[in-house]
Amino acid sequence: HAEGPDREVSRQPGGGEREAAARTEFTALNAVVLLSGGLDSATTLAWAVREGFACYALSVNYGQRHAAEIAAATRLAQALGARAHRVTRIDASIFEGSALTDPAVAVPEGGGSIGIPVTYVPARNTILLSLALGWAEVLDAQQIFIGANAVDYSGYPDCRPEYIAAFQSMADLA
């Protein structure tokens, strides 16, 4: 299941969200955690580990300018206790036009803009979640976690609660 900004996250360890708590004998549920190396995904991995999931971290190198995040993801996966960490690469040329992947587009330094920002990477979360879903099937993982910032969805269409819910519905059919 994908977790996103539309779901309330308990602030207490074992705060009732962990499905494993309902079982009589504890066996950690497998979960794939999308791990970019940034704050949102690091927090998501830390939360999932704290909740007792057996976490498998997945990072995707899609040609993003912030390549240091991939190195940070590797360090975070190890430090936070992920069972495994995989970095996969996809061809960045399909993401032309985004300031995060296209060297011809400047990364803005000022405040926010109206509409979809130039830093939006087309269908990024759809692709990332699809890769996570595939690995989840291989691992027999019951959960997929993505750290989508609730503030981001004002400009990023694939961070909206409605988007996460729609992906969840699709994943339930897979």
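Look up a bit, the structure's there.
Fair warning: this is a prediction, and the values are worked out from it, not measured in the lab.

**Quick look at the pairing of strand β4 (residues 84-89)**
Item 1. Here strand β3 (residues 54-61) pairs with β4 via six bridges, running parallel. Looking across to β4, one finds that leucine 58 is bridged to arginine 86.
Item 2. For the crossover that starts at β3, traverses helix α2 (residues 68-80) and ends in the parallel β4, the hand is right-handed.

**Focus: the packing of helix α1 (residues 39-50) against α2**
Item 1. Interhelical geometry of α1 versus α2 gives an angle of 15° and a closest axis separation of 10 Å. Taken together, the axes of α1 and α2 lie roughly parallel to each other. Relative to α2, the crossing made by α1 is right-handed. Residues Ala42, Leu45, Ala46 and Val49 of α1 touch α2, and the partners they reach there are Leu76, Ala77 and Leu80.
Item 2. In the contact of α1 with α2, the residues fall into seven nonpolar, no polar and no charged.

**Thoughts on the nonpolar core**
Item 1. Val32, Leu34, Leu58 and Leu129 are the most contacted members of the largest nonpolar core, which totals 24 residues.
Item 2. Among the elements that make up this core, the one with the highest residue count is helix α3 (residues 124-139) (seven residues).
Item 3. Grouped together as the second largest cluster of nonpolar side chains are 14 residues, Leu29, Leu35, Ala48 and Ala82 included.

**A short note on the packing of aromatic side chains**
Item 1. Throughout the structure, instances matching the rule amount to four aromatic pairs.
Item 2. Judged by centre distance (5.4 Å) and plane angle (80°), the ring pair of tryptophan 47 and phenylalanine 145 falls under edge-to-face. Of the two residues, tryptophan 47 sits in helix α1 while phenylalanine 145 sits in strand β5 (residues 143-145), which places them 98 residues apart along the sequence. Neither residue differs from the other here; tryptophan 47 and phenylalanine 145 are each classed as buried.
Item 3. A ring pair is formed by phenylalanine 53 and phenylalanine 145, whose centres lie 5.1 Å apart and whose planes are at 70°; its orientation type is edge-to-face. With phenylalanine 53 in the loop between α1 and β3 and phenylalanine 145 in strand β5, this pair connects stretches of sequence that are 92 residues apart. Comparing phenylalanine 53 with phenylalanine 145, the two get one shared label, buried.
Item 4. In textbook terms, an aromatic cluster arises when at least three aromatic residues are bridged by ring pairs, as seen for Trp47, Phe53 and Phe145.

Scoring rules and cut-offs
Residues numbered from 1 in each chain as written. Predicted model: local features only at pLDDT ≥ 70, side-chain atom pairs only at ≥ 80, totals over all residues. Heavy atoms only, no water. Pairing = 2+ DSSP bridges. Helix = DSSP H or I, 4+ residues; strand = E, 2+ residues; numbered from the N terminus. Right-handed = clockwise from strand over helix to strand, strands pointing away. Axes fitted to C-alpha atoms, helices over the stretch in contact; angles between N-to-C directions. Parallel < 35°, antiparallel > 145°, perpendicular 65-115°, else oblique. Left-handed = near helix turned anticlockwise from the far one by under 90°. Contact = heavy atoms within 4.5 Å. Nonpolar A, V, L, I, M, F, W, Y, C, P; charged D, E, K, R; others polar. Core = buried A, V, L, I, M, F, W, Y, C linked by side-chain atoms within 4.5 Å. Buried < 20%, exposed > 50% of the residue type's maximum accessible area, 1.4 Å probe, protein only. Phe/Tyr/Trp six-rings, centres within 6.5 Å; stacked < 30°, edge-to-face > 60°.

Taken by themselves, the reported measurements are silent on function.
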